[in-house]
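Read off the chains here:
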Amino acid sequence: MSQSTPTTRGRQVTAVSTHLTRRLLQLYIGLALYGVSSALLVRGGLGLEPWGVLHQGLAERTGLTIGVVSIIVGAAVLLLWIPIRQRPGLGTVSNVFVIGIAMDGTLALVPDAHGLAVQIPVLIGGIVLNGVATGLYIAARFGPGPRDGLMTGLHRVTGRSIRLVRTAIEVAVVATGFVLGGTVGVGTIAYALAIGPLAQLFLRVFAISDQGTVSTVVAAGTPQQAILPK
């Protein structure tokens, strides 16, 4: 039986450190870009992603920034994990804060788009960037976002399919956000149609190998794993 030498152990420690560093970079770059992409959808003015509709509607009613509302909603959803016995990870907690901060920062720098010649490219850019961010964040494997954790937890507790649970949650979220004043439009539909294929593509692009195997998030390809980080 071979024994590891100090040199071998040193290489192993370096490899583990490099692997962890890449995962952490993907996590926080992905979350930051998710916030940027959500802000671009707001500035595009053609419709937001489902949770964005709710955040915007609540922001309109409360006078808070949409990023702050996103943080508050994320924290509230995280509390709902308690009765369904979901366990948060580093990515879960980071999701609550980083996306909202990045979103408000982007909104402070980027003005509203006016005219379809500008709005459509901003919308497309926001959706594609959201797909990139999703691939980065989920492939880092630091735990689901609060909203996805709620979805998978309800799936486990109720026995209903992921598709049904997600649809029910997002319909309720969009309807509530719309009533409160959130923007629902062609961008909302475009996001719903495009984000699945985009997320799957970028999950494969940013997959991180783990001891010679492909990330389970990508390899398994199950609905529970291939989900959005919000």
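Residues numbered from 1 in each chain as written. Predicted model: local features only at pLDDT ≥ 70, side-chain atom pairs only at ≥ 80, totals over all residues. Heavy atoms only, no water.

**Some thoughts on the overall build of the protein chain**
Regarding its fold elements, the protein chain presents 10 helices and 0 strands. Helices (α) and strands (β) of the protein chain occur, in sequence order from the N terminus, as α-α-α-α-α-α-α-α-α-α. Looking at the protein chain as a whole, 45% of its 230 residues are labelled buried. Within the protein chain, contacts between residues at least 6 apart in sequence are counted, and of these 82% link residues at least 24 apart. In the form shown here, the protein chain has an accessible surface area of approximately 11600 Å², with 68% of it arising from carbon and sulfur atoms. (Helix = DSSP H or I, 4+ residues; strand = E, 2+ residues; numbered from the N terminus. Buried < 20%, exposed > 50% of the residue type's maximum accessible area, 1.4 Å probe, protein only. Contact = heavy atoms within 4.5 Å. Areas by Shrake-Rupley, 256 points an atom, 1.4 Å probe, with all protein chains shown as cover.)

**Quick notes on the packing of helix α3 (residues 66–79) against helix α7 (residues 146–158)**
Running from amino to carboxyl end, α3 crosses α7 at an angle of 30°, the nearest separation of the two axes being 8 Å. Accordingly, the angle class assigned to the pair α3 and α7 is roughly parallel. The interaxial crossing formed by α3 with α7 has left-handed handedness. Residues S70, V73, G74, V77 and L78 of α3 form the contact with α7, whose participating residues are P146, R147 and L150. Per-class residue counts for the contact of α3 with α7 are 5 nonpolar, 2 polar and 1 charged. (Axes fitted to C-alpha atoms, helices over the stretch in contact; angles between N-to-C directions. Parallel < 35°, antiparallel > 145°, perpendicular 65-115°, else oblique. Left-handed = near helix turned anticlockwise from the far one by under 90°. Nonpolar A, V, L, I, M, F, W, Y, C, P; charged D, E, K, R; others polar.)

**A look at the packing of helix α2 (residues 50–62) against helix α8 (residues 162–180)**
For the pair α2 and α8, the least separation of the axes is 7 Å and the interaxial angle reads 30°. In terms of axis orientation, α2 runs roughly parallel to α8. Where α2 crosses over α8, the two elements pack in a sense that is left-handed. Only I169, E170, V173, V174, T176, G177, F178, V179 and L180 of α8 make contact with α2, whose side of the interface consists of P50, W51, V53, L54, G57, L58, E60 and R61. Here the contact of α2 with α8 is composed, by residue class, of 11 nonpolar, 3 polar and 3 charged.

**Quick word on a nonpolar patch on the surface**
Taken together, the side chains of L116, I120, I124 and V128 make up a nonpolar region of the molecular surface, amounting to roughly 340 Å² of accessible area. Residue placement: I124 occurs in helix α6 (residues 116–139). (Patch = residues over 30% accessible without salt bridge, like charges linked within 9 Å, V, L, I, M, F, W, Y side chains within 5 Å. Salt bridge = Lys/Arg side-chain N within 4 Å of Asp/Glu carboxyl O.)

**Thoughts on unusual backbone geometry**
Even without being glycine, R85 reaches a positive phi, approximately 60°. In this fold, R85 is placed in the loop between α4 (81–84) and α5 (90–109).

**A look at the confidence of the model for the protein chain**
Looking at the protein chain as a whole, its pLDDT mean stands at 86, while 84% of the residues score no less than 70. Contacts from residues 212–229, a stretch scored under 50 in pLDDT, to residues over four places away or in other chains number 44 contacts. (pLDDT = per-residue confidence, 0-100.)

**A word on the packing of aromatic side chains**
Under the definition given, this model contains 1 aromatic pair. Judged by centre distance (6.2 Å) and plane angle (20°), the rings of F202 and F206 are stacked. On the basis of relative accessible area, F202 is assigned to the buried category, the value being 16%. Between R23 and the ring centre of F142, over which it is positioned, the NZ or CZ distance is 4.2 Å. A cation sits over an aromatic face here: R147 above W51, 5.2 Å from the ring centre. (Phe/Tyr/Trp six-rings, centres within 6.5 Å; stacked < 30°, edge-to-face > 60°. Lys NZ or Arg CZ within 6 Å of the ring centre and 35° of its normal.)

**Focus on the pattern of salt bridges**
In total, this model carries 2 salt bridges according to the counting rule given. Ionic pairing is found between D112 and R43, a salt bridge with its closest N-O pair at 2.9 Å. Taken as a pair, D112 in the loop between α5 and α6 and R43 in helix α1 (residues 6–44) lie far apart in primary sequence, 69 residues in all. The exposure class assigned to R43 is buried, which follows from its relative accessible area of 19%. For the salt bridge of E170 with R166, the shortest nitrogen-to-oxygen distance reads 3.2 Å. Of the two residues, E170 and R166 are both situated in helix α8; the distance of 4 residues between them amounts to about one turn of the helix. The exposure class assigned to E170 is partly exposed, which follows from its relative accessible area of 22%. Using a relative accessible area of 23% as the deciding quantity, one classes R166 as partly exposed.

**Some remarks on α3**
For α3, spanning 14 residues, the distance from its first C-alpha to its last is 20 Å, which sits close to the expected 20 Å at 1.5 Å a residue. Taken as a whole, α3 has its buried residues at I66, G67, V69, S70, I71, V73, G74 and V77. (Expected span 1.5 Å × (residues − 1).)

**Remarks on the nonpolar core**
Counting residues in each nonpolar core, the largest one holds 43 residues, and the members touching the most others are W51 and I169. Counting residues per element, this core draws most heavily on α6, which supplies 8 residues. Not counting the four nearest positions on each side in its chain, I169 is found in contact with W51, L150, M151 and L154. (Core = buried A, V, L, I, M, F, W, Y, C linked by side-chain atoms within 4.5 Å.)

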